[in-house]
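Examination of the molecular architecture
Listed here are the chains, written in short residue letters.
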There are 2 protein chains.
Amino acid sequence: MSIKEDVRNMKAVAPYLAASSVETRNQALSRIADTLREHSEEIFQANKQDMDLAEQTGISAAVMKRLKFDPGKLEDVTAGIEQLIGLPDPVGKVSLARELDEGLTLYRVSCPIGVIGVIFEARPDALVQISSLCIKSGNCAVLKGGKETAHTNRVLFRLIYDSAVKAGLPEGCLLQAEQHSEIDELLECHGSVDLLIPRGSNRFVQYIMDHTKIPVMGHADGLCHIYVDRDADLQKAIPVIVDAKTQYTAACNAVETLLVHREIAGDFLPELACALRAEGVKLRGTKEVTDIIQAETIEEKDFREYLDLILSVKLVDNVEEAIAHINRFGSHHTDSILTENRGTAERFMQLVDSAGVYQNCSTRFADGFRYGFGAEVGISTGKIHARGPVGLEGLVTYKYKLFGDGHIVGDYAKGRRSFHFRDIE
Amino acid sequence: MSIKEDVRNMKAVAPYLAASSVETRNQALSRIADTLREHSEEIFQANKQDMDLAEQTGISAAVMKRLKFDPGKLEDVTAGIEQLIGLPDPVGKVSLARELDEGLTLYRVSCPIGVIGVIFEARPDALVQISSLCIKSGNCAVLKGGKETAHTNRVLFRLIYDSAVKAGLPEGCLLQAEQHSEIDELLECHGSVDLLIPRGSNRFVQYIMDHTKIPVMGHADGLCHIYVDRDADLQKAIPVIVDAKTQYTAACNAVETLLVHREIAGDFLPELACALRAEGVKLRGTKEVTDIIQAETIEEKDFREYLDLILSVKLVDNVEEAIAHINRFGSHHTDSILTENRGTAERFMQLVDSAGVYQNCSTRFADGFRYGFGAEVGISTGKIHARGPVGLEGLVTYKYKLFGDGHIVGDYAKGRRSFHFRDIE
């Protein structure tokens, strides 16, 4: 049986999952957390198989760390599920209630998107987080994880799915795709899948966007900036930049380019360079920068997303130039200004066209957990539908419900009746 | 100069328009309304040129009606602008305010999408409505109207653009594309254009979706249903169905398929057929239907969007069968149930996966003006970002603003600090 048939079936199931009560969805989540804990040994054994295979193929230590599913990660994901259970239901929220005319009342009510396909990297905890978010938000999900954790994913998925169905969610509400070829099949399911969320490398996300008619929510890159303003507190600035660059270099919210106000560069850059070098960061900069500190000279057009202990540096005349650089070369992900001047900060935050605009803090805060969303299915650098870390609210849409009593448009067109548009409190 | 350069320039202008005050944007709208009234003769003359040319090419009367821009239409569009001025600013609304930790505060604030490309049919009033909506919502817009109203559009655009700039909006914030070839150029501007809104035939909208990497908000068809339940008030039902079919047959929210509960079909269909025939509506139906009333027998798979005085009819056993039919064959636009049974209505409105789900009223109510949005840029049958009639709220997105005081992620990762997630009232 092809995945296309399963997904078509899922489309028919989706309205019933969407109609399930939040109590049933929370019970499913609770049962999932319990089941994962009860079957921890089975999960760890499957994960050992994946780790052994990965070791044989010589995967890097950094990736190995992501593949691993140990008691600490189990605790994290089950704690995440408990947190999700405590969050309010994102479904059924009324965002507009308006009497259009006597007896004709309009409501805009949030509802699940329907069928969501998520293609994610080899991280077993991601499978748990994504399926929990989809269940809480009432969405059917097709899950395709990285092949390096196939054994772990298979066990996790079975435990999650069985628990969900036992708790009363409809059969067929979750589906696991295990073959790489199924990704291309999934991309063709534009009649059944409402949204695709690809996670992974830029190239991969771009491939997905280029090969499907299904709307895609993903980020194609994360080229984050920090601008050190003339009015920055330089002692506050250094730890923020070090954190943004080194706390987790492989993350999309790590800083990649530093813009420094020309007037403070002479004092600030040597001290910063010293702090960054102590953390193993290599600096690259324009000619002006390398006249001040020792660094590799590169041109502005060669600044890029390194995902490594490398930072590009450039001088600017003022906040306007910093804004223009970021809007032109950035990826609209997260950009931070370091300044004690509230007016300058507000101008920066107003004019920088990014999902996250920060003052005096590290770009690494761009994350669903740190925003208090419980978890995230990804970080969107698109502007349509959801922007930044995407939690439950990004997984719902809305429908308009209109209640009448035989109302017809002809009466309004001919002036026999007229609308009075009275919002209901 | 190619339109691509203009659009790239617009991308740089967009943050400045986004930062403009609502007072400036409202002044621009007010000035536009005044200017259009002052220059009405010039507009009508240009429109006469278009009408004369159209007549020579033998365009149908229905289309001619859309091309026409007369004192009545001028009054409608200027009244629409006044209504828009009165609506609250959609920009700068705070939808989340949360202290993550002491001194670290997150806000989610609505902001314009940026640069929007709208490709619309030959209707001069649409040009005015769309540009007004974009100005009020702080978005730059590239406008491409149908070629049959080229003269009218040119005059209208000049008056609108000049008024906007004179009122203080940035130069280059609106752009008119006049050549058909410019549509294909626009489709390639995925670095500059944030959203495309195509209006027109299904084939045209599908063409746009298939030929661009820019997110598209459009509807590919409008196959709306009315389901007449066993518990319907049949005397209420007939005028609703007649209105939904005949009030404006070319509209996407006109009803195309009628589903009738089997138990009432024998009584109801003959009376309905009589009322519809009196309005010139031709009926088509499945074998079961044509056993009851005189109509062309067709198969369910041949039901389609007619945009004409034709209605498909089918019998169903119950509301569940109606829901399944609509979710499978409908276009997720607007579907209505006629019933006095609130429980049945709620089940229908819960499970039908459409932008608009109605009880006891005509599908023709699906419209931005009738919902009280002032106007609409289109009706979305997609589920992502905006659904149903799209007014000001569909033209904004949001950004996250995070204010800190030297906060770094490392402190939280190492347990030196922890988040307390306190929502600010």
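Residues numbered from 1 in each chain as written. Chains lettered and ligands numbered in written order. Predicted model: local features only at pLDDT ≥ 70, side-chain atom pairs only at ≥ 80, totals over all residues. Heavy atoms only, no water.

Re the packing of helix H3 (residues 40-56) of chain A against helix H7 (residues 150-166) of chain A
All names here are of chain A. Convention followed: Angular values range over 0 to 180 degrees, each being the angle between N-to-C directions of two axes fitted as lines to C-alpha atoms, with helices fitted over their stretch in contact. Per the convention used, a helix needs a DSSP run of H or I reaching at least four residues, while a strand needs a run of E reaching at least two, with both numbered from the N terminus. Relative orientations are named as follows: roughly parallel for angles under 35 degrees, roughly antiparallel for angles over 145 degrees, roughly perpendicular for angles from 65 to 115 degrees, and oblique for any other angle. The criterion used for residue contact is that any of the two residues' heavy atoms lie within 4.5 Å. Polar here means any residue other than Ala, Val, Leu, Ile, Met, Phe, Trp, Tyr, Cys and Pro, which are nonpolar, and Asp, Glu, Lys and Arg, which are charged; Gly is therefore polar.
Contact geometry for H3 and H7: axes closest at 7 Å, N-to-C directions at 160°. Overall, the two elements H3 and H7 adopt an arrangement that is roughly antiparallel. Judged by residue contacts, Glu42, Ile43, Ala46, Asn47, Gln49, Asp50 and Leu53 of H3 engage Ala150, His151, Thr152, Val155, Leu156, Arg158 and Leu159 from H7. Classifying every residue of the contact of H3 with H7 gives 7 nonpolar, 4 polar and 3 charged.

Focus on the packing of aromatic side chains
Each aromatic ring pair is described using two quantities: the centre-to-centre distance and the angle formed by the ring planes. The line we're drawing: A pair of Phe, Tyr and Trp rings is counted when the ring centres sit within 6.5 Å of each other, with Trp represented by its six-membered ring. The angle between the planes then sorts it: under 30 degrees is stacked, over 60 is edge-to-face, the rest tilted. Think of it as a cone above the ring: NZ of Lys or CZ of Arg counts as a charge over the ring if it is within 6 Å of the ring centre and within 35 degrees of the ring normal.
Applying the stated criterion to the full structure yields 28 aromatic pairs over all chains. Centre to centre, the rings of A:Tyr398 and A:Tyr400 are 5.5 Å apart; their planes meet at 80°, and the pair counts as edge-to-face. Linked through ring pairs, A:Phe365, A:Phe369, B:Tyr412, B:Phe419 and B:Phe421 together constitute an aromatic cluster. The residue whose ring lies beneath A:Arg108 is A:Tyr398, and the NZ or CZ to ring-centre distance is 5.4 Å.

Some details on the pairing of strand S12 (residues 334-338) of chain B
Strand residues, when the strand is regular, have side chains that alternate between the two faces of the sheet. Residues and elements named next belong to chain B. Cut-off, in case you're wondering: For the exposure calls, accessible area comes from a 1.4 Å probe over protein chains only, and a residue counts as buried if that area is under 20% of its type's maximum, exposed if over 50%, partly exposed in between. For two strands to pair, DSSP has to find at least two bridges joining them.
Most of S12 is tucked away, with 5 of its 5 residues classed as buried. In this sheet, S12 lies alongside strand S7 (residues 224-228) in parallel orientation, the contact comprising 4 bridges. Its bridge partner lying in S12, Val228 is registered against Leu338. Sheet topology places S12 next to strand S13 (residues 356-361); 4 bridges connect them, and they run parallel. Within S13, the position partnered with Ile337 by the bridge is Gln359.

Re helix H1 (residues 3-18) of chain B
Residue and element names in this part refer to chain B. For the record, the criterion: Residue count minus one, scaled by 1.5 Å, sets the expected span of a helix. Two axes enter the definition of the bend at a residue: one is fitted to the seven residues ending there, the other to the seven starting there, and the bend is the angle between them. Under this definition, polar contacts are N or O atom pairs within 3.5 Å; protein pairs additionally need one hydrogen-donor-capable and one acceptor-capable atom, and for neighbouring residues in sequence, both atoms have to be side-chain atoms.
Relative to the 22 Å expected for 16 residues at 1.5 Å per residue, H1 spans 22 Å between its end C-alpha atoms, a close match to the ideal helical length. Helix geometry: H1 is bent most strongly at Ala12, by close to 40°, with proline Pro15 lying one to four residues after it. Listed in full, the buried residues belonging to H1 are Ile3, Val7, Met10, Lys11, Val13, Ala14, Pro15, Leu17 and Ala18. Measuring from the backbone nitrogen of Lys4 back to the side-chain oxygen at the start of H1 gives 2.9 Å, which picks out Ser2 as the cap.

None of the figures reported here should be taken as evidence of function without further support.
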